[in-house]
Amino acid sequence: NSVLYLYNPPDPDDHLPDAPIDSISFQLDGIRNPSIKSAPPYLVAEHMKLDYGILFFKVRTQSPYMLELELNKSQGKTMWVEKAKGEFMYWPDFLMQVHSVELKQENITGLRVKPLDHAAVTSQQYSCLHPIALRQEWMKVELLSDDYRLLGTAWCKWMENGHLMINYNLLS
């Protein structure tokens, strides 16, 4: 879309709010790469690398027709957009598209041979973790070498009590 309209919270009885209060407009540059033409000064997307087609916002609230986007995490600024004006992905769909993941320091579960807290910890050395499957709060990962050779697989917790237990990398 060339314009993404931003709204105040919708009325629960209405499908869409009356009028947008702000917007983000896009244009193509001289070599047909997308860029932002205008945007509110507070805009800080979760991930923005337009030359790779990446503009991701974290969704705080989902309703049938609207999404509440986090437009600036440090300011706690959110606005609403029409759901049909973008592509919405749940965490499992998103994580299956990332390049790799890393365990956060607080992820004390580590890498396991099975998706169980009491399963044996894997001792396989690796350079990169590539997600290949999700089962509830567990993620199956490929253990890869520096040259991306498959060394084995393991399981890690990707979410616990609503908090991400991994960091993800969109690009290599």
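I will try to describe carefully the structure that is included in this document.

Overview of unusual backbone geometry
And then number 1: For glutamine 136, which is not glycine, the phi dihedral falls at a positive 55°.
And then number 2: Considering the arrangement of structural elements, one finds glutamine 136 in the loop between strand 10 (128-135) and strand 11 (138-144).
And then number 3: Non-glycine residue asparagine 161 carries a positive phi angle of around 55°.
And then number 4: Here asparagine 161 is to be found in the loop between strand 13 (159-160) and strand 14 (163-164).

Quick notes on the sheet that holds strand 8 (residues 77-82)
Strand pairs in the sheet, formed through backbone hydrogen bonds, run parallel or antiparallel to each other.
And then number 1: Taking strand neighbours across the sheet as the criterion, the three strands line up as 6-7-8 in an open arrangement whose pairing is antiparallel. On the outer flanks of this sheet lie strand 6 (58-62) and strand 8, each paired with one strand and no other. Across the sheet, the mean angle from the axis of one strand to that of its neighbour is 35°, orientation sign disregarded.
And then number 2: Examined bridge by bridge, strand 7 (residues 66-72) and strand 8 share six bridges and lie antiparallel to one another. From the neighbouring strand, methionine 66 faces strand 8, where its bridge partner is glutamate 82.

Notes on the nonpolar core
And then number 1: Residues Val101, Met139 and Val141 are the most contacted members of the largest nonpolar core, which totals 16 residues.
And then number 2: For this core, the secondary structure elements donating two or more residues are helix 1 (91-95), strand 11, strand 12 (150-157) and strand 15 (166-169).
And then number 3: Setting aside chain neighbours within four positions, we find methionine 139 in contact with Leu95, Val101, Pro131, Ala133, Leu134, Ala154, Trp155, Cys156, Trp158 and Ile166.
And then number 4: Leu43, Ala45, Leu71 and Met79 belong to the second largest nonpolar core, which has 13 residues in total.

Comments concerning the pattern of salt bridges
And then number 1: Taken as a whole and assessed by the stated rule, the structure comprises six salt bridges.
And then number 2: With a shortest N-O distance of 3.9 Å, lysine 58 and glutamate 46 are connected by a salt bridge. Here lysine 58, found in strand 6, pairs with glutamate 46, found in the loop between strand 3 (34-38) and strand 4 (47-49); they are 12 residues apart in sequence, far enough to count as distant.
And then number 3: Lysine 58 gets classed as partly exposed once you look at its relative accessible area, which sits at 27%.
And then number 4: The salt bridge involving glutamate 160 is made with lysine 157; its shortest N-O contact spans 2.8 Å.
And then number 5: Its relative accessible area of 5% is what places lysine 157 among the buried residues.
And then number 6: The structure contains a network of salt bridges with shared partners spanning Asp117, Lys157 and Glu160.

Some details on the environment of arginine 112
And then number 1: Residue placement: arginine 112 occurs in the loop between strand 9 (100-103) and strand 10.
And then number 2: Discounting residues that sit within four places of it in the chain, arginine 112 has contacts with Asp117, His118, Ala119, Ala120, Val121, Thr122, Trp138, Ala154 and Trp155.
And then number 3: From its side chain, arginine 112 meets the backbone oxygen of aspartate 117 in a polar contact 3.2 Å long.

As for the side chain of threonine 78
And then number 1: Among the structural elements, threonine 78 can be located in strand 8.
And then number 2: There is a polar contact of 2.8 Å between the side chain of threonine 78 and the side chain of glutamate 68.
And then number 3: Contact partners of threonine 78, with chain neighbours within four places excluded, come to Arg60, Glu68, Leu69, Glu70 and Leu71.

Some thoughts on the sheet that holds strand 2 (residues 22-28)
And then number 1: The strand order across the open sheet built from three strands is 1-2-3, with neighbouring strands paired in antiparallel fashion. One side of each edge strand has no neighbouring strand; the edge strands of this open sheet are strand 1 (3-6) and strand 3. Adjacent strand axes in the sheet meet at a mean angle of 25° when their direction is disregarded.
And then number 2: Summarising the sheet, strand 1 and strand 2 pair through four bridges and their orientation is antiparallel. Bridged to tyrosine 5 within strand 2 is serine 23.

Calculation notes
- Residues numbered from 1 in each chain as written.
- Predicted model: local features only at pLDDT ≥ 70, side-chain atom pairs only at ≥ 80, totals over all residues.
- Heavy atoms only, no water.
- Helix = DSSP H or I, 4+ residues; strand = E, 2+ residues; numbered from the N terminus.
- Pairing = 2+ DSSP bridges.
- Axes fitted to C-alpha atoms, helices over the stretch in contact; angles between N-to-C directions.
- Core = buried A, V, L, I, M, F, W, Y, C linked by side-chain atoms within 4.5 Å.
- Buried < 20%, exposed > 50% of the residue type's maximum accessible area, 1.4 Å probe, protein only.
- Contact = heavy atoms within 4.5 Å.
- Salt bridge = Lys/Arg side-chain N within 4 Å of Asp/Glu carboxyl O.
- Polar contact = N/O pair within 3.5 Å; in protein donor to acceptor, adjacent residues only side chain to side chain.

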